[in-house]
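As a plain string of letters, each chain reads:
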Amino acid sequence: MKSAVETLNPTRVRLTVEVPFEELKDSLDAAYKKINQQVTVKGFRKGKIPARVIDQRFGRGAVLEEAVNDALPKFYTEAVNEAELSPLGQPEVDITELKDGETLNFTAEVDIRPAVEIPDYSGIEVEVDAIEVTDEDVDKAVEQLRERFASTSPVERAAEDDDVVTIDLEAKVDGEVLEDGVAAGVSYTIGSGELLDGIDDAVKGLSAGEEATFASELKGGSAAGKEAEVTVKVTQVAARELPELDDDFAQLASEFDTLEELRADSRKRLADMKQYDQATQAQERVLDKLLELVEVPVPEKLLEDEINTRKHNLEHHQLGQMGLTLDKYLEIQGKTAEEFDTETRDAAVKGIKTQFVLDELVSKEKLNVSQEELTEHLMRRAASSGMSPDEFAQAVVQQNQVPLLVGEVARGKALAVVVEAATVKDTNGEIVDLDDEDEAAEAAEAAEAADTTEAATEGEGEEKAEA
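Let us look at the structure shown here. (Residues numbered from 1 in each chain as written. Predicted model: local features only at pLDDT ≥ 70, side-chain atom pairs only at ≥ 80, totals over all residues. Heavy atoms only, no water.)

The next subject is the overall build of the chain. Within the chain one finds 14 helices and 11 strands. Computed over its C-alpha atoms, the radius of gyration of the chain comes to 33 Å, more than 25% above the 23 Å expected for a compact globule of 467 residues. By its C-alpha atoms, the chain is 100 × 65 × 45 Å across when sized along the principal axes. A total of 467 residues make up the chain; the buried ones form 34% of that total. Long-range pairs, those at least 24 residues apart, make up 68% of the contacts in the chain with a sequence separation of at least 6. Roughly 27,600 Å² of accessible area belongs to the chain as shown, and the carbon and sulfur atoms make up 46% of that amount. (Helix = DSSP H or I, 4+ residues; strand = E, 2+ residues; numbered from the N terminus. Rg over C-alpha atoms; globule rule 2.2 N^0.38 Å. Buried < 20%, exposed > 50% of the residue type's maximum accessible area, 1.4 Å probe, protein only. Contact = heavy atoms within 4.5 Å. Areas by Shrake-Rupley, 256 points an atom, 1.4 Å probe, with all protein chains shown as cover.)

Structural data, given as structure tokens:
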């Protein structure tokens, strides 16, 4: 087999391949064997029909077509490997000549990973937010925790802001009550914005047993996006009572004995979260600077596929779960379709360039991924997806996604190399030390653990408060 490569542009090539006919022998034998199993000829046992009979009865052309279809992937792969190409996607193959007993010639056009030259990135400088935790930040965090441990008690008066009301709802569209538009015993905090638009104004001023009707656009259900006439009946009004900010509250809401200790812990957790935000900000800004230094051509077909994938995931997965259409989402965001298309394209271009550049860095720096690093990454991905590590790992293996996870970890390590070489200063002009990559990860885990702990103890606190 002989092959030659013609560069059509920095991201696309045409392979010209010439195959001597004798190299098709294995595929021809396989073609006769396959046809043998599929047809019957009187006077011959199934699978024992001679090749000459198959040629006479079904045509030599059918055999050649089957043989070529079998052989093309092998010869294409050999040509790609010989030229040391990194193809992206499927090739467009054109058989230019097929002479029985003489030769098979074909061309294959395919997008390839472009050559990327990584420049000296040691001079990159970026600025990030300084880690500053004010007394006001701590006050806000403690107050949010206090809100979680609020207790409620029924009152004999009209509902006011921040009251917790128990309500029954009935939604009508075009005068007809929706099958999924009736709910009873719903608990709602006035002002929380967690239910329908207009409900706050409707329930404020109502006492237990009173009702009101208002118009609102439904956010979900069978009539999502439609204007509905909603009747809300208040069955109970309860006032929220916040616990006193003292040592007793600290013992109720945490493992600490004093309010001072609780505030100190809140300050530390806020600093951890800001440290994580700072590290993330540094990575993003260093990456942006790196991409500015590198010329990266983007294959049009790959870009088109990436844009379509991003739009599909947004419209059919993320928005679908929220009961929103793309048009409604754009309306909420205050964007035109043209602005959305431009933003999606820009994000897709950046995503592709980032992958090309970081993959080249992985190769240049000879970075490897250990089993421990892969496991840690899998655990984090599982947590963000809401799945258990075992479930997530099983899904990854079943869908053959392990190489993708390995790639994610390797690219993360490549970016860490660039961040470590860069000069990072905060807004106070102080040098930020980001050498210890584990520090940022631990800060993130601390923030997540804190949120989980607070959520888990919220129910306990309410029970204690009511008791």
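Once the structure has been displayed, the description carries forward.
Taken in spatial order, the 4 strands make up an open sheet running β1-β2-β4-β3, and their pairing is antiparallel. In this open sheet, the two edge strands, each paired with only one partner strand, are β1 (2-9) and β3 (87-99). Sheet twist, expressed as the mean angle between neighbouring strand axes with direction ignored, is 20°. In this sheet, strand β4 (residues 103-112) lies alongside strand β2 (residues 12-20) in antiparallel orientation, the contact comprising 9 bridges. Bridge pairing links V17 to F106 in β4. Against the sheet, helix α3 (residues 60-83) engages β1, β2, β3 and β4, with an angle of about 125° to β3. (Pairing = 2+ DSSP bridges. Axes fitted to C-alpha atoms, helices over the stretch in contact; angles between N-to-C directions.)

We now examine the packing of helix α8 (residues 300-322) against helix α10 (residues 337-364). To describe two helices that pack against each other, one gives the angle between their axes and the distance between the axes. The geometry of α8 relative to α10 is characterised by a closest axis approach of 9 Å and an angle of 120° between their N-to-C directions. Viewed along their axes, α8 and α10 adopt a mutual orientation that is oblique. Remark: the crossing between α8 and α10 carries right-handed chirality. Between α8 and α10, the contacting residues are E300, L302, L303, E306, I307, R310, K311 and L314 on the first element and F340, D341, T344, R345, A347, A348, V349, G351, I352 and F356 on the second. Of the residues belonging to the contact of α8 with α10, the class tally is 10 nonpolar, 2 polar and 6 charged. (Parallel < 35°, antiparallel > 145°, perpendicular 65-115°, else oblique. Left-handed = near helix turned anticlockwise from the far one by under 90°. Nonpolar A, V, L, I, M, F, W, Y, C, P; charged D, E, K, R; others polar.)

Treat this as a map of the structure, not an account of what it does.
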